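# Residue-level structure breakdown
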Protein chains: 2
Amino acid sequence: MLTSISGYPEWLPEDRLVELRLVEMIQRQFELYGFMPIETRAVEPLDVLLKKGETDKEIYLLSRLQDSETKDIGLHFDMTVPFARYVSENFNSLSFPFRRYQIQKAWRGERPGQGRFREFLQADIDIVDSGSLPIYADYEVLQTVVDILRVLPIPSARLYINNRKLLQGFYQGLGIDAVTETLRTVDKLDKIGEDGVRKMLTETVGLSAEHADKCLEIGRITGADSAEIRAAVESLGVTHDLLDEGLAELSFILDNSSTGKGENPIVADLSIARGLDYYTGTVVETKFVDFPKYPTIVAGGRYDNLVSVGNTRLPGVGVSMGITRILGLVLNEGLLKASRKSPSSVLIALVSEEQRGKSLHIARKLRARGVACEVFGTDARFGAQIGYAVDRGIPYVWFPDGKGDTPGEVRELATREQTPADPDTWTPDESHALTIAFDEDAYESLKAEGKYA
Amino acid sequence: MLTSISGYPEWLPEDRLVELRLVEMIQRQFELYGFMPIETRAVEPLDVLLKKGETDKEIYLLSRLQDSETKDIGLHFDMTVPFARYVSENFNSLSFPFRRYQIQKAWRGERPGQGRFREFLQADIDIVDSGSLPIYADYEVLQTVVDILRVLPIPSARLYINNRKLLQGFYQGLGIDAVTETLRTVDKLDKIGEDGVRKMLTETVGLSAEHADKCLEIGRITGADSAEIRAAVESLGVTHDLLDEGLAELSFILDNSSTGKGENPIVADLSIARGLDYYTGTVVETKFVDFPKYPTIVAGGRYDNLVSVGNTRLPGVGVSMGITRILGLVLNEGLLKASRKSPSSVLIALVSEEQRGKSLHIARKLRARGVACEVFGTDARFGAQIGYAVDRGIPYVWFPDGKGDTPGEVRELATREQTPADPDTWTPDESHALTIAFDEDAYESLKAEGKYA
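Presented here is an overview of the structure given in this document.

The rules behind the values
- Residues numbered from 1 in each chain as written.
- Chains lettered and ligands numbered in written order.
- Predicted model: local features only at pLDDT ≥ 70, side-chain atom pairs only at ≥ 80, totals over all residues.
- Heavy atoms only, no water.
- Helix = DSSP H or I, 4+ residues; strand = E, 2+ residues; numbered from the N terminus.
- Buried < 20%, exposed > 50% of the residue type's maximum accessible area, 1.4 Å probe, protein only.
- Contact = heavy atoms within 4.5 Å.
- Buried area = accessible area lost by both parts, 1.4 Å probe.
- Salt bridge = Lys/Arg side-chain N within 4 Å of Asp/Glu carboxyl O.
- Polar contact = N/O pair within 3.5 Å; in protein donor to acceptor, adjacent residues only side chain to side chain.
- Pairing = 2+ DSSP bridges.
- Arc of directions from axis to C-beta.

## With respect to unusual backbone geometry
The amide bond that connects Phe96 of chain A to the next residue, Pro97 of chain A, takes the cis arrangement and shows omega of -5 degrees. By the secondary structure assignment, Pro97 of chain A is in the loop between helix H3 (80–89) and strand S5 (98–107). Phi is positive for Tyr452 of chain A, which is not a glycine, with a value near 65 degrees. Positionally, Tyr452 of chain A belongs in the segment after helix H14 (440–449). Judged by its relative accessible area of 8%, Tyr452 of chain A is buried. Located in the positive-phi region is Arg416 of chain B, a residue other than glycine, with phi close to 60 degrees. In this fold, Arg416 of chain B is placed in the loop between strand S17 (409–412) and strand S18 (417–420).

This is how it looks when you write it as structure tokens:
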């Protein structure tokens, strides 16, 4: 990764190829599930950006170089807030339930760190409806993520889910008034640990020591079996309608996702709170199974009050995959590599400037058949031309016939075999296709090293 | 086009589909020609952005909402300046000649208008080398554009080329000292016409009336035949080495691009100057043949002094395709449309909540075979489920077997034919593929209307 401005990652072409292919795979999966594409502008009015909680310090504002008064628009910091605005604005032109995907950059002015960037690519899916949205939508969004993560050539990941209603009902059942502050504090478990959270809950939020302990206790409940989760929650002796509702929703997802085939990648973790104010039900955070210290790679949840048109609220559920964050691990640790740097399968050599037409003719025919190629720029000696191909991993060099009128010969650089070929029929061997491959050895080494563990 | 902030276009999902497919086609073509992908961050240091001339007022600066001192980075306004910076920074990791493509958003704070946006998508290709770069590279970049424009389902376009050396040599041969000011003034021909340019050349730049007339005369020379262009230039009676050099380069491109097959889309137009300071040779502007009043859709040229590493200059040549600008015509005028709104080929109906497993099972099998589909969210009556498919243009509805264990039946909505089908083998008819189609009738109407003519 190249970062000449802190937090703004750039890649070499061979790594950009990996990113592009990953994005194509994700996009293809989103479309396989019937999500429609949209894109929103990079900027939003400041008041739209500030509707969401806790991120005001991270917003980049725009001003014009010679007209610095224009301060009312800023770069979006996620795709959910712009999506909510887009749905409201285009309500009458969209069909509901509306399923959309959106793969775009977002920007946050926060401190860069491991897996944390100021500019990053996100891939979002969401479903919103103009009436009610069944819990099945939550399941479907999560299952789509599970399926995509299985298809991508990346380390295995697990989805940790919880439900806001469950936590809020539990807090209310305990008699806690400061529900939002309690949620936000519990959300810091990852960062400040149980002792830190207990201290904040009693000293800052003002809970009794007993209540603080109960909040920590429920956060220790994890597992994929809904009956066990329910039993563990009930053993804490708190009852509340909202708690029941949340537990039922959580159970629906767990029950439907345990297919019995292999490990269930969706597990309940009642410590998950998600800091953002707008979640109202399901919440999810996804981590690499073997790299739990690496930040969350997919996150999201249910929001019943974020999108509105007039007085009507449109419930929604969605997740955001952090593509740059995933790349921050798999590229930086050398887990994923493109098989070559250049898209070209063949370099067409140039015999002489006068015979450039021959090379161009071959290139034209190959491209018409979908074979990526390029013609060498000068009539340098063949050794230099072959060196150019080697540098870029281009697997073949085509030598036009400098003396006669045959189409010439193709050399496979790996084997040095050179054979006559016809540009109307010749095809590169599949073993030379431009692919991206997961390096199992590098993965095993990284696990053994214990980094991010 | 939806623009709730002036100059920031957004599209409905069906139009975003068109944009995505166009981008995919362009990307595929770039790779067929062996260009390697890179992406640069959206921001550059202000001093990098200000190296290029005449755009300082259009730059968007970034500041953090609660820390407004950070004023030294801004959004890039094109891909050429960031590319030059990227090449300099990563010189030792790249192989030269370096051919890259880059498809990204750029931002300019200028006044929005017809085809002019504040946020827009550009698709760039460039070739730079660490030594000299032959004129062949200029030809190759232009020919790549010609080929791509032919492949895209858009109105036909023509490339108007000129050469900075030719103009500069001509001005110097005349004895004009203020070469840059003359170039910049001549570049305004499109906007202020011959009389306006003559007035500026004599009154502002300080040329004699005779010199101003000569500058206008050379600007009237156009054509695809290099011998005719040469004769027309020579008839103006000015000689200069740089003029000869420019004429030779221009002729090289014209001679190689006239293939004799159909109309030659590359023609010389000696009025083309391009305002930007960094062009040193070939310059190009591309317009829709039938819509000459619509702004340039592809532009670029040769820059021998823009990229440098230490004391070494790296000559380069490249063009930038304005994707948003192309869409601004073809989508706004209804020339290009997606065949349906949703990527889904099939809606799997839901017989009842209890039988959701059946629908999910069918969906899983279809997706595994690459058939895009979605499962209806509730067990609403079939009429409502069919209506959902109709709204989105989903061509088929699959009804699982609610009573038995067969895979059920598929209804083709267009014909209302319903037949038993097997999710392991069933495939949608090709006539229902999600495609984007050019509307010839709308095109003919637009031409007849005389808009942009």
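## A word on the interface of chain B and chain A
The interface of chain B with chain A comprises 86 residues on the first partner and 86 residues on the second. Of the roughly 7,500 Å² buried where chain B meets chain A, counting both sides, 55% is carbon and sulfur surface. Here chain B and chain A share 10 salt bridges between them. Glu39 of chain B is the partner of Lys105 of chain A in a salt bridge, and the nearest nitrogen-oxygen pair spans 3.0 Å. Connecting chain B to chain A are 36 residue pairs in polar contact (both at pLDDT 80 or more). For the side of chain B that touches chain A, the element with the most residues is helix H1 (residues 13–32) of chain B, which contributes 11 residues.

## Section: the sheet that holds strand S11 (residues 298–309) of chain B
Through backbone hydrogen bonds, the strands of a sheet pair up, either in parallel or in antiparallel fashion. All names here are of chain B. A sheet is described by the order of its strands in space; here 9 strands give the open sequence S1-S5-S6-S12-S11-S10-S7-S9-S8, paired in mixed fashion. Looking along the sheet, the strands with just one partner apiece sit at the ends: strand S1 (36–37) and strand S8 (222–223). Alignment of strand S10 (residues 282–288) against S11, held across 4 bridges, turns out to be antiparallel. Of the residues in S11, the one forming a bridge with Val283 is Gly301.

## Section: H14 of chain A
Residue and element names in this part refer to chain A. Where H14 is concerned, the buried positions are Ala442, Tyr443 and Leu446. Seen from one end, H14 has its buried residues packed into an arc of 105 degrees, which puts them on one side. Along H14, the residues that are exposed and aim more than 90 degrees away from the buried face are Asp441 and Ala448.

## Thoughts on the pattern of salt bridges
Inspection of the entire model under this criterion finds 56 salt bridges over all chains. Residue Lys447 of chain A is joined to Asp290 of chain A by a salt bridge in which the shortest nitrogen-to-oxygen separation is 3.9 Å. Of the two residues, Lys447 of chain A sits in helix H14 while Asp290 of chain A sits in the loop between strand S10 (282–288) and strand S11 (298–309), which places them 157 residues apart along the sequence. Residues Glu245 of chain B and Lys165 of chain B are paired through a salt bridge, measuring 3.0 Å at the closest nitrogen-oxygen approach. On the criterion of sequence distance, the pair formed by Glu245 of chain B in helix H10 (residues 241–257) and Lys165 of chain B in helix H5 (residues 164–174) is long-range, its members being 80 residues apart. Given the relative accessible area of 39%, Glu245 of chain B is considered partly exposed. Residue class for Lys165 of chain B comes out buried when judged on its relative accessible area of 14%.

None of this, on its own, says anything about what the molecule does.
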